[in-house]
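Next come the chains, spelled out residue by residue.
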Amino acid sequence: MPKVSKKNKLYNMLESHISKASDLEWEGTLKDYIELVISNPSIHVGAHKRVLSMIESHGVVKDDAGDVESYNFFSNDLFGVSDSIKQIMEYLRAAAAGSEVGRRILLLFGPTSSGKSQLAILLKKGLEAYSMTDEGAIYALAESPMHEDPLLAIPTELRSAFKDEYGINITGELTPLMSLLLKEKYDGDFLKLPVKRVIISERSRVGIGTFVPSDKKSQDVSELVGSIDLSTIGTYGAESDPRAYRFDGELNIANRGMMEFVEMLKVDQKFLYVLLTLAQEKNIKTARFPLIYADEFVLAHTNETEYNRFLAKDEMEALHDRIIVVKVPYNLSVDDEVKIYNKLINQSDLSSVHIAPYTLYCAAMFSVLSRLMDSSNQSLTLMNKMRLYNGEEVEGFTLADVPDLKNEFSDEGMGGISPRYVINRLSSILAEEGVTAITPIDVIRSIRKGFSSNPKLDEKAIESLDNILTKVIEEYSKLAKNEVQKAFFVNFDDEIQSLLSNYMDHVGAYLDGTRVEDEWGDMHDPNERLMRSIEEKISITESGKKSFRQEIYRKMLRSIKGGDDGLYNYKEHPRLREALEKQLFEERQDIIRLTVSTRNPDEGALKRINVVVETLCDKHGYTEESANKLLRYVSSLMARN
């Protein structure tokens, strides 16, 4: 079979795109459209239902109890805002069901760079793509500048029959322009009105409107609601003639789709009153012109300062009642923060530079720690709180405590370092000429260097952030030592699993009151020295050893029942993991220290170093450059001790 050239492949792709676009075209009359709706009532939905269906069409992840855990639509772009997404989906679900919630404006508020704008962009792009599918097809009156629902031409007295017979609910009225065209051009025969399929497109101004506030003195409300075309007054004789009106406001073009209102609370109050009418009545109110029906999902966003000012204005009480507010704080999970940085870096031209392991993790630790508040529970350090929020086990606490911890401060996550600051600092070092790899040390230095050039940071704030960086450096130092120590083992996972199995054999015998069989078939009492040598690494006291052994043994038995081939995942128990690693490292401590900290290594030490570098590269994700930087750093740490 002959190979297809790259040029022909490109042409085939272009032709396929053109063919697909032509397949999306559909034209007919209202009579034809009614037949479509009767055969498939799901194509006749409101704006909120359309957005909801679009999101759910990408897939919903549910837990064992059948409760929704996440939505695939958001999973690759938004991280650490699951609580906010849950509230948004509750709003959409209620609005799509036809409740009063559909007459509310959804307002997102939170700090800059928390994901509000990104969420709006995702929804708009999602709607555009969804309208090109069979499931998301939208049909409109062909001559309507607002792409109106064709069924709005059905007289009011006939609509109950549609609902009774087909379950199709028709709400709203034709625009004054379409009412006039129906009367004068089609002699009232609504079945002859031309209908076509439309594709939602922000660029083409179909089904998506976006309003950005500017100078209050010069910005006119016509940007929202359209305006009179004065050049047509001589033709039509009056400003109130529908044909003299330009239906080109953002609210007009957003009909049947979505309206994004950027920094909504920064606009003049007259703009907010227009939104109030839209929310209350689903009508656009304009001067010297009849009400214009509009069905659209209005998504607004603003910052916390503007939102608090808005709440303080008694004159805006009516709008207060027409808004459903969703708080969008900064992400508080380290792993999710790393995903944010990875996504932003991969979108740039800087992704070719090697980023050493734990580099983004250290940056994420700094960001998350800056957003957290000290718990009233003094036994919970800020670092351990960070670990809990990241889904990690912490002694004395369980993951079930996390909801209560998050409820302790209503504004936790509303302040601190933004992802934008960190990504700016990362970009500054990634873009340096000649840089081929960056490490945690590089990013920590860059973050600290940026404090002085940030006008929002005063002396007190810089001191606080410096203290956080000190905590990050301490944590990285532990991680760096651990990385190097692991690399000295031929197969670290196998060796630690072997140690775990040996330990658990003796623990089981101790708890059951039995003996342990050695490799020669001889029976021995449980090795108390082995068990205590491991447990003492994490300060398990003599009086507390039995409860500790019972806890980990129960977890191991649950793993066996769960079908894990009898292998207990020690990593799920951070303290046990720490104890096992320390036990292994202690056995090799002298040779590790001697090898790493030697300034002029002999031939044997040099060979060991080369093997360690190869292991770091092959098994741990380093390059030769970043591995050598890691060894130099760990060497300096060991030299201090």
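The text that follows walks through the structure, step by step, so that each part is easy to find. Model, not experiment: these values are computed from the prediction. Counting restarts for each chain: residues are numbered from 1 in the order of the written sequence. Reporting of local features is limited, given that this is a predicted model, to residues whose pLDDT is at least 70; pairs of side-chain atoms are given and counted only at 80 or more, and all residues count toward the totals for whole chains, interfaces and linings. Side-chain metrics in this entry use all non-hydrogen atoms of the structure; hydrogen atoms and water are not considered.

As a further point, take the overall build of the protein. Numbering goes from the N terminus for both helices and strands, where a helix is a DSSP run of H or I of at least four residues and a strand is a run of E of at least two. Along the protein, the regular secondary structure elements total 27 helices and 18 strands. Restricting the calculation to C-alpha atoms gives the radius of gyration, and the globule rule supplies 2.2 Å times the number of residues raised to the power 0.38. Against the globule reference of 26 Å for 641 residues, the protein gives a C-alpha radius of gyration of 32 Å, more extended than a compact globule. Summarising its shape, the C-alpha atoms of the protein cover approximately 105 × 70 × 55 Å along the three principal directions. A total of 641 residues make up the protein; the buried ones form 47% of that total. When accessible area is computed with a 1.4 Å probe and restricted to protein chains, residues below 20% of their type maximum are described as buried, those above 50% as exposed, and intermediate ones as partly exposed.

What follows concerns the sheet that holds strand E10 (residues 258–262). Strands are labelled as partners when DSSP assigns at least two bridges between them. With parallel pairing, five strands are arranged side by side in an open sheet as E7-E10-E13-E4-E14. Of all strands in the sheet, those bounded by a partner on one side alone are strand E7 (208–211) and strand E14 (323–327). Sheet twist, expressed as the mean angle between neighbouring strand axes with direction ignored, is 20 degrees. In terms of strand pairing, E10 meets strand E13 (residues 297–302) through five bridges, oriented parallel. Within the sheet, the bridge partner assigned to Met258 lies in E13 and is Phe297. With axes taken as lines fitted to C-alpha atoms, and helix axes fitted only over the stretch in contact, angles between N-to-C directions fall between 0 and 180 degrees.

It is worth spelling out the sheet that holds strand E6 (residues 194–198) at this point. An order of E1-E6-E5 is seen for the three strands of this open sheet, with the pairing classed as antiparallel. Two strands close off the open sheet at either side, each with one partner strand: strand E1 (27–29) and strand E5 (138–141). Strand-to-strand twist in this sheet, taken as the mean axis angle between neighbours without regard to direction, amounts to 35 degrees. Examined bridge by bridge, E5 and E6 share four bridges and lie antiparallel to one another. Paired with Ile138 across the strands is Val198, a residue of E6.

This brings us to helix H17 (residues 382–389). With seven of eight residues buried, H17 lies mostly within the body of the structure. Among the residues making up H17, those that are buried are Leu382, Met383, Lys385, Met386, Arg387, Leu388 and Tyr389. The secondary structure elements touched by the buried residues of H17 are helix H15 (334–346), helix H16 (359–371), helix H18 (402–408) and helix H21 (459–487). Gly391 sits one or two positions beyond H17 and adopts a positive phi of about 85 degrees. Contacts: residue pairs with any heavy atoms within 4.5 Å of one another.

Running from N to C, helix H3 (residues 47–56) and helix H5 (residues 82–96) point in directions that differ by 130 degrees, and their axes come no closer than 8 Å. In terms of axis orientation, H3 runs oblique to H5. Handedness of the crossing formed by H3 with H5: left-handed. Across the interface between the two elements, His48, Lys49, Val51, Leu52, Ile55 and Glu56 from H3 touch Met89, Tyr91, Leu92, Arg93, Ala95 and Ala96 from H5. Each residue is assigned to one class: nonpolar for Ala, Val, Leu, Ile, Met, Phe, Trp, Tyr, Cys and Pro, charged for Asp, Glu, Lys and Arg, and polar for all the others, Gly among them. Of the residues belonging to the contact of H3 with H5, the class tally is eight nonpolar, one polar and three charged. Orientation categories follow fixed angle ranges, with anything under 35 degrees roughly parallel, anything over 145 roughly antiparallel, 65 to 115 roughly perpendicular, and all other angles oblique. For a crossing to be left-handed, the near helix must be turned anticlockwise from the far one by less than a right angle; the clockwise case is right-handed.

Before going further, it helps to examine the nonpolar core. Core analysis: the largest hydrophobic core is formed by 65 residues, its most contacted members being Tyr341, Phe366 and Leu426. Excluding residues that lie within four positions of it along the chain, Tyr341 makes contacts with Leu360, Ala363, Ala364, Ser367, Pro419, Val422, Ile423 and Leu426. Only buried residues count toward a nonpolar core, which is a set of Ala, Val, Leu, Ile, Met, Phe, Trp, Tyr and Cys residues joined through side-chain atoms within 4.5 Å. The next biggest cluster of nonpolar side chains, apart from the first, holds 61 residues, and it includes Phe190, Leu272, Leu278 and Ile323.

The next point concerns unusual backbone geometry. What you tend to see is this: most non-glycine residues have negative phi, and most peptide bonds are trans. One non-glycine residue with positive phi stands out, namely Arg205, at about 60 degrees. Relative to the assigned elements, Arg205 resides in the loop between E6 and E7. Judged by its relative accessible area of 33%, Arg205 is partly exposed.

Next up on the list: the pairing of strand E11 (residues 283–286). The pairing of E11 with strand E12 (residues 289–293) spans three bridges and is antiparallel. Counted as the bridge partner of Ile284 is Ile292 from E12. Taken together, E11 and the strand that follows it, E12, pair antiparallel across an intervening segment of two residues, in which Arg288 is found at a positive phi of about 55 degrees.

Attention now goes to the packing of aromatic side chains. Two aromatic rings from Phe, Tyr or Trp, using only the six-membered ring of Trp, form a pair when their centres are within 6.5 Å; if the ring planes differ by under 30 degrees the pair is stacked, by over 60 it is edge-to-face, and anything between is tilted. Applying the stated criterion across every chain yields a total of 13 aromatic pairs. Arranged with centres 5.5 Å apart and planes meeting at 45 degrees, the rings of Tyr33 and Tyr139 form a pair that is tilted. Here Tyr33 is found in helix H2 (residues 30–39), whereas its partner Tyr139 is found in strand E5, with 106 residues between them in sequence. For the pair Tyr33 and Tyr139, a shared accessibility class is recorded, and that class is buried.

Two elements in contact, helix H22 (residues 492–512) and helix H23 (residues 528–535), have axes whose closest approach is 10 Å; the angle formed by their N-to-C orientations is 120 degrees. The handedness of the crossing between H22 and H23 is left-handed. Across the interface between the two elements, Leu499, Asn502, Tyr503, His506, Val507 and Tyr510 of H22 pack against Glu528, Leu530, Met531, Ile534 and Glu535 of H23. Considered class by class, the residues forming the contact of H22 with H23 number seven nonpolar, two polar and two charged.

This part is about the environment of Pro41. Within the secondary structure, Pro41 is located in the loop between H2 and H3. Aside from chain neighbours lying at most four places away, what touches Pro41 is Tyr166 and Ile168.

It is worth spelling out the pattern of salt bridges at this point. Salt bridges are identified by distance alone: a Lys or Arg side-chain nitrogen within 4 Å of an Asp or Glu carboxyl oxygen. Overall, the coordinates contain 33 salt bridges when judged by the stated rule. Residues Lys339 and Asp336 are paired through a salt bridge, measuring 3.7 Å at the closest nitrogen-oxygen approach. With Lys339 and Asp336 both in helix H15 and three residues apart, the pair spans about one turn of that helix. On the basis of relative accessibility, which here comes to 19%, the residue Asp336 falls in the buried class. Between Glu528 and Arg549 there is a salt bridge, with the nearest N and O atoms lying 3.1 Å from each other. Of this pair, Glu528 sits in helix H23 while Arg549 sits in helix H24 (residues 545–561), placing them 21 residues apart in sequence.

The end-to-end C-alpha distance of H22 is 30 Å, a good match for the 30 Å that 21 residues give at a rise of 1.5 Å each. Burial in H22 covers these residues: Phe492, Ile496, Leu499, Leu500, Tyr503, Met504, His506, Val507, Gly508 and Ala509. Among the residues trailing H22, Gly513 stands out with phi positive, at a value near 70 degrees. Here the expected span of a helix is defined as 1.5 Å times the quantity of residues minus one.

Our next topic: the side chain of Asn283. One can find Asn283 in strand E11. Given a relative accessible area of 14%, Asn283 falls into the buried group. Not counting chain neighbours up to four residues away, the residues in contact with Asn283 comprise Thr277, Leu278, Leu291, Ile292 and Tyr293.

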